[in-house]
Amino acid sequence: MGDRIRITDVAPRDGLQAESVPVPVERKADLVRAIQRTGVAEVEVSSFVSAKWIPQLGDAPELFARLAVDKPEGVLYSALVPNERGLDAALTANREAQESHGTERLIDKVSVFTASSETFAQKNTNASIAETIERFRPIVPRAHEQGIRVRGYISCVVRCPFEGDIPPTAVAEVASRLLEIGVDEIDLGDTIGAGTPDSIGGVVLEVIDRLAGRPTNDFGDPSLTLHLHDTFGHAAECVRVALELGVRSFDASSGGLGGCPYASTPDHRAPGNIAMSTLVQTIESMGFTAGIDQVAQREADRIAAELIR
Ligand code: HMG
Ligand code: MG
């Protein structure tokens, strides 16, 4: 058996964030519980962002309060935070879980997010890339003080829907700035699924260079993660090339949730994040270990599909 690959299931966050029909919080909790039974390393549960911007995830505090009741050992929970206000909300969730249920740490990781395209950063966070980095600067030490890890997402690492192709050096520049402020992990987001083996290979190599020989971080996890959307069906090929180049951490979503609602038709939902089943199959076909229980995964896929029916 080859190396064990670290996997994060982002279905409850990325998979649901664009759904216009509200999903009841208890059903989201069911999805998280089903996902954690698969053996995945991390579940990206929700986001502490403005509910005006992302209404579907406005229930993040309530969802985390439900999960605090029976968080199992061995799985990490993470949440997106765009600013210190988001971090405050995550710390409050942790404090309340500790007080009510003795949970040592409910949220183990916060994820800050920016882009390699100025237009996308503005549209997604109402800030320039430099402004987002300044928002993140105080988040990192405050999170670390509580033993919370910090992931730094970069969107549009291959192409931006507004600016077109993005050079790998521009992505690597943003990665360097995130590393300078102390993030533990860089997560490269191919937001619109434009990646091909060539373009993903190019950007992965450039960012590996900036990691300066540090394949793992202080928490012993890979310093680089790849976050693929499967819009045009190229995600599996991109995983293969990334594995060959040394990437050992990937995001995926149960049921392949996360398709853009505007690209879907009544009969066909647009593909979203790379489906967990596709990622696992690709990892294992390359001789690596995914460590995902297939029966539990089928159940998580079923629950995910029911949520958006
Ligand atoms: P803004 O409007 O510039 O900021 O938004 P603001 O400070 O003026 O705040 C606006 C309102 O939001 C105010 O409320 C604030 O209190 C509130 P009002 O006074 O109008 O009632 N607010 C907050 N509420 C809850 N939690 C917070 C928070 N901060 C402010 N943390 C802001 C700036 C960043 C807040 C906004 O743009 C935002 O929330 N953006 C989130 C966008 C988002 O979540 N996008 C999706 C995630 S990224 C992604 O999907 C890509 C990824 O998957 C990788 C890939 O595929 O590429 C990760
Ligand atoms: Mg995404």
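Report follows, based on the coordinates. Computed from a predicted model, the values in this text were never measured in an experiment. (Residues numbered from 1 in each chain as written. Chains lettered and ligands numbered in written order. Predicted model: local features only at pLDDT ≥ 70, side-chain atom pairs only at ≥ 80, totals over all residues. Heavy atoms only, no water.)

## A closer look at unusual backbone geometry
Right, on to step 1. Its identity is not glycine, yet N126 carries a phi of approximately 60°, on the positive side.
Right, on to step 2. Here N126 lies in the loop between α5 (118–125) and α6 (129–136).
Right, on to step 3. The phi angle at A212 is positive, at roughly 45°, despite the residue not being glycine.
Right, on to step 4. Relative to the assigned elements, A212 resides in the loop between α9 (197–210) and β9 (224–228).
Right, on to step 5. A212 sits in the exposed class, given a relative accessible area of 56%. (Helix = DSSP H or I, 4+ residues; strand = E, 2+ residues; numbered from the N terminus. Buried < 20%, exposed > 50% of the residue type's maximum accessible area, 1.4 Å probe, protein only.)

## Notes on the coordination of the magnesium ion (ligand 2)
Right, on to step 1. Bound to the magnesium ion (ligand 2) are the protein donor atoms D14 (OD), H227 (NE2) and H229 (NE2), situated 2.1 to 2.3 Å from the metal.
Right, on to step 2. Counting gaps between the donor residues of the magnesium ion (ligand 2) yields the pattern D-x212-H-x1-H. Placement of the pair is D14 in helix α1 (residues 11–15) and H229 in the loop between β9 and α10 (235–245), with a sequence separation of 215 residues. Taken as a pair, D14 and H229 share a single burial class, namely buried. (Donors = N, O, S within 2.8 Å, 3.2 Å for Na, K, Ca; no water.)

## Structural notes on the site of ligand 1
Right, on to step 1. Close to ligand 1 lie 25 residues; K52, R85, N126, S155 and T191 are nearest.
Right, on to step 2. In the model, an oxygen atom of ligand 1 is placed 2.4 Å from a nitrogen or oxygen of the K52 side chain.
Right, on to step 3. Taking G86, its main chain carries an N or O atom lying 3.3 Å from a nitrogen atom of ligand 1.
Right, on to step 4. Calculation on ligand 1 without its partners gives an accessible area of 1,100 Å², and the protein chains cover 74% of this total.
Right, on to step 5. Sorting the residues of the shell around ligand 1 by element identifies α1, α4 (84–101), α5 and β5 (149–155) as the ones contributing at least two each.
Right, on to step 6. Classifying every residue of the shell around ligand 1 by side-chain character gives 8 nonpolar, 12 polar and 5 charged. (Near = heavy atom within 4 Å. Polar contact = N/O pair within 3.5 Å; in protein donor to acceptor, adjacent residues only side chain to side chain. Areas by Shrake-Rupley, 256 points an atom, 1.4 Å probe, with all protein chains shown as cover. Nonpolar A, V, L, I, M, F, W, Y, C, P; charged D, E, K, R; others polar.)

## A short note on the environment of I129
Right, on to step 1. Among the structural elements, I129 can be located in helix α6.
Right, on to step 2. Each C-alpha atom of the pair I129 and S199 lies 22 Å from the other, and the pair is 70 residues apart in sequence.

## Examining the pattern of salt bridges
Right, on to step 1. This model, assessed by the stated rule, comprises 26 salt bridges.
Right, on to step 2. Residue R13 is joined to D14 by a salt bridge in which the shortest nitrogen-to-oxygen separation is 3.5 Å. Like D14, R13 is buried.
Right, on to step 3. For K28, the salt bridge identified is with D59, shortest N-O distance 2.8 Å. Linking K28 in helix α2 (residues 25–36) with D59 in the loop between β2 (42–47) and α3 (60–67), this pair joins segments that are 31 residues apart in sequence.
Right, on to step 4. What makes K28 buried here is its relative accessible area of 1%.
Right, on to step 5. For D59, a relative accessible area of 14% corresponds to the buried category.
Right, on to step 6. Through salt bridges with shared partners, one network takes in R6, R13, D14, E42, E44, K109, R149, R151, E185, D187, D221 and D251. (Salt bridge = Lys/Arg side-chain N within 4 Å of Asp/Glu carboxyl O.)

## A closer look at the sheet that holds strand β8 (residues 185–190)
Right, on to step 1. Pairing in this closed barrel of 8 strands is parallel, and the strands run β1-β2-β3-β4-β5-β8-β9-β10 around the ring. Between one strand and the next, the sheet's axes are offset by a mean angle of 25°, whatever the strand orientation.
Right, on to step 2. One ladder, built from 4 bridges, connects strand β1 (residues 6–9) with strand β10 (residues 249–252); its direction is parallel. By the bridge assignment, R6 is partnered in β10 with S249. (Pairing = 2+ DSSP bridges. Axes fitted to C-alpha atoms, helices over the stretch in contact; angles between N-to-C directions.)

## Concerning the side chain of N273
Right, on to step 1. Inspection of the secondary structure assignment puts N273 in the loop between β10 and α11 (276–285).
Right, on to step 2. A distance of 3.4 Å separates a polar atom in the side chain of N273 from a polar atom in the side chain of H227.

## Some remarks on the packing of aromatic side chains
Two descriptors summarise a pair of aromatic rings, namely the distance from one centre to the other and the angle between the planes of the rings.
Right, on to step 1. Under the counting rule described, the total for this entry stands at 2 aromatic pairs.
Right, on to step 2. A network of ring pairs unites the aromatic residues F48, F64 and Y77 as a single cluster.
Right, on to step 3. Residue placement shows K71 over the ring face of Y77; its charged tip is 5.0 Å from the ring centre.
Right, on to step 4. Of note, K123 hangs over the ring of F162, and the distance from its end group to the ring centre comes to 4.9 Å. (Phe/Tyr/Trp six-rings, centres within 6.5 Å; stacked < 30°, edge-to-face > 60°. Lys NZ or Arg CZ within 6 Å of the ring centre and 35° of its normal.)

## Looking at the nonpolar core
Right, on to step 1. In this structure, V110, I186 and L188 are the most contacted members of the largest nonpolar core, which totals 92 residues.
Right, on to step 2. Discounting chain neighbours no more than four positions away, the residues touching V110 are A79, V81, L87, A90, I139, A143, I148, R149, V150 and R151. (Core = buried A, V, L, I, M, F, W, Y, C linked by side-chain atoms within 4.5 Å. Contact = heavy atoms within 4.5 Å.)

## Overview of the side chain of T125
Right, on to step 1. In this structure, T125 sits in helix α5.
Right, on to step 2. Discounting residues that sit within four places of it in the chain, T125 has contacts with W53, F113, T132 and R135.

Any link to function would need more than the numbers given here.
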